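These are the residues of each chain, in order.
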Amino acid sequence: MQSGRAYISELLGDSIVWDNHACMPLRPNDDSFLPQLERVHDSGIDAITLNVGCGGQGVEEHFRMLASFRSWIHENSGKYCIARHASDVLKAKANGKLSICFDVEGMDALGGQASMVEPYYALGVRWMLVAYNLANLAGGGCLENDGGLTAFGRAVVTEMNRVGMVPCGSHTGYRTARELIDASSTPVIFSHSNPRAVWDHPRNIPDDLMIACAERGGVIGINGIGIFLGHNDSSIATFADHVEYALDKVGDDHVGIALDYVFDDQEVAQFAAANPSMFPSEAGYGAGMAMIKPWQFDAMLEEFARRKFELPTLCKLFGQNHLRIATEVWR
């Protein structure tokens, strides 16, 4: 039987395969899960975006995680590299390496200082979302009443546009996300959000936000978390239903994959239990959340091929759309 990488390469050729959001443990100096990135690469993925913090975590916590991840990547530079430019992703693939960049989930990471965007960018953060489920100084979250993008949030977006960091509307409230799209001079992504028309969960996004995102050149990354796909359903078929709906709604230039896989499911269960307002149990959060794994990309490809997705669509979906955003926005 072919390996995942061999199967993906056979169908997609030299096209980039990119998982645009994954969650390693947020414990500085704990690199016990990072060797699993070798399995990710062996499965056929060429680029991955790792989260370095979320929610109410502040500047110090984010910088400690960045330092920890960057140190491990440099120590293992024979297999991995940090992607600073879109060209680095292509170069890494040609050299047989997995390229890695970082993301930040929520503007609490800035400590109320918009100028912090540039240091994060210099350390490899390539997208940042406004708010993580709950409101912060920048805007509203998706699990509460949303007052919209604040003056501080607008200042941060202006700074993100200047330095080349991609604004993201995932986990963000409807009004804030809509105002984010209007405020940004560069494409906005919903890095890991699913169509609400397929499964009605507050973390998912309605059609009009998907369309607005696409009209400005953005990309919606479909995630593989069971409670956002269905009744804690992480089947490849259900994932494909969300992808197919998004493709029909906004076209194949505007859909990608960002599985949101959590490598340490015990950590996320403990974090959810400790933060019930951010992760309400009635919305399905907590222990036992089903997830599609990065090494199931070959199974996704098989399902999409079965549904007769054409090759150009497959290449865009699996990574070329993420690469386009990097080419257009990163400086």
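Everything numeric here is computed off the predicted structure, so don't read it as measured data. (Residues numbered from 1 in each chain as written. Predicted model: local features only at pLDDT ≥ 70, side-chain atom pairs only at ≥ 80, totals over all residues. Heavy atoms only, no water.)

(A) Quick look at the packing of aromatic side chains. Within the structure shown, the criterion is met by 15 aromatic pairs. Each ring, one from Phe263 and one from Trp295, has its centre 6.2 Å from the other, and the planes form 65°; the classification is edge-to-face. Taken together, the positions of Phe263 in the loop between β9 (261-262) and α11 (265-274) and Trp295 in the loop between α11 and α12 (297-306) put the pair 32 residues apart, joining distant regions of the chain. Of the residues examined, Phe263 reaches a relative accessible area of 6% and is grouped as buried. Looking at Trp295, the relative accessible area reads 15%, which means it is buried. Where Phe304 meets Phe318, the ring centres are 5.9 Å apart and the plane angle is 70°; that geometry is what we call edge-to-face. Of this pair, Phe304 sits in helix α12 while Phe318 sits in helix α13 (residues 311-329); the two residues are 14 residues apart in sequence, bridging distant segments of the chain. When sorted by exposure, Phe304 lands in the same class as Phe318, which is buried. Ring-pair connections join several aromatic residues into one group, and the members of that group are Tyr132, Phe228, Phe271, Phe279 and Tyr285. (Phe/Tyr/Trp six-rings, centres within 6.5 Å; stacked < 30°, edge-to-face > 60°. Helix = DSSP H or I, 4+ residues; strand = E, 2+ residues; numbered from the N terminus. Buried < 20%, exposed > 50% of the residue type's maximum accessible area, 1.4 Å probe, protein only.)

(B) Examining the layout of surface pockets more closely. In this structure, the largest pocket occupies an estimated 410 Å³ of space. Broken down by secondary-structure element, the contributors of at least two residues to the lining of the largest pocket are β2 (47-54) and α11. It is α11 that provides the largest number of residues to the lining of the largest pocket, a total of four residues. Considered class by class, the residues forming the lining of the largest pocket number 14 nonpolar, four polar and three charged. (1 Å grid on protein atoms, 1.4 Å probe; cavity = no way out; pocket = protein on both sides within 12 Å on 5 of 7 lines; lining within 4 Å. Points joined across faces, edges and corners; volume = space filled by probe spheres on them. Nonpolar A, V, L, I, M, F, W, Y, C, P; charged D, E, K, R; others polar.)

(C) Spotlight on the environment of Thr150. Residue placement: Thr150 occurs in the loop between β5 (125-129) and α6 (151-163). Given a relative accessible area of 27%, Thr150 falls into the partly exposed group. Sequence separation between Thr150 and Asp248 is 98 residues; the distance between their C-alpha atoms is 33 Å. Those residues in contact with Thr150 that sit more than four places away from it in its chain are Leu137, Ala138 and Gly139. (Contact = heavy atoms within 4.5 Å.)

(D) Region of interest: the pairing of strand β4 (residues 98-105). Most of β4 is tucked away: eight of the eight residues are buried. Going residue by residue along β4, you find Leu98, Ile100, Phe102 and Val104 tucked away on one face and Ser99, Cys101, Asp103 and Glu105 tucked away on the opposite face as well. Inspection of the sheet shows strand β3 (residues 80-82) paired to β4 by three bridges, in the parallel sense. By the bridge assignment, Cys81 is partnered in β4 with Ser99. With respect to chirality, the unit in which β3 leads through helix α4 (residues 86-94) into the neighbouring parallel β4 is right-handed. Sheet analysis places β4 next to β5, joined by four bridges and oriented parallel. The residue of β5 that forms the bridge with Asp103 is Trp127. (Pairing = 2+ DSSP bridges. Right-handed = clockwise from strand over helix to strand, strands pointing away.)

(E) Quick look at empty space enclosed by the protein. Tallied over the full model, the rule gives two cavities of 30 Å³ or more. Size it by volume and the largest cavity reaches roughly 80 Å³. Mapped by element, the contributors of at least two residues to the lining of the largest cavity are β1 (18-23), β5 and α13. By residue number, the principal contributor to the lining of the largest cavity is α13, which donates three residues. By residue class, the composition of the lining of the largest cavity is eight nonpolar, three polar and one charged.

(F) Structural detail: unusual backbone geometry. A positive phi is found at Asp260, a non-glycine position, where the angle reads about 65°. Here Asp260 is to be found in the loop between β8 (255-257) and β9. With a relative accessible area of 9%, Asp260 lands in the buried category. We note that Lys308 has phi near 65°; this positive angle belongs to a residue other than glycine.

(G) Inspection of α4 at higher detail. Every buried residue belonging to α4 is among Ala86, Asp88, Val89 and Ala92, and all of these are buried. For α4, the arc enclosing every buried residue in end-on projection is 160°, short of the 170-degree limit, so these residues lie on one face. Across from the buried face of α4, at angles greater than 90 degrees, the exposed residues are Lys91 and Ala94. Where α4 is buried, its residues touch β1, β2, β3, β4 and α13. Just downstream of α4 lies Gly96, where phi reads positive at about 75°. (Arc of directions from axis to C-beta.)

(H) The pairing of β2, seen in detail. Of all eight residues making up β2, eight are buried, and the element is well covered by its neighbours. As judged from the three bridges shared by β1 and β2, these two strands associate in the parallel manner. Paired with Ala22 across the bridge in β2 is Leu50. Since β1 and β2 lie parallel, the crossover through helix α2 (residues 37-42) that links them has a hand, and here it is right-handed. Pairing of β2 with β4 involves six bridges; the strand directions are parallel. When the bridges of β4 are listed, Thr49 appears paired with Cys101.

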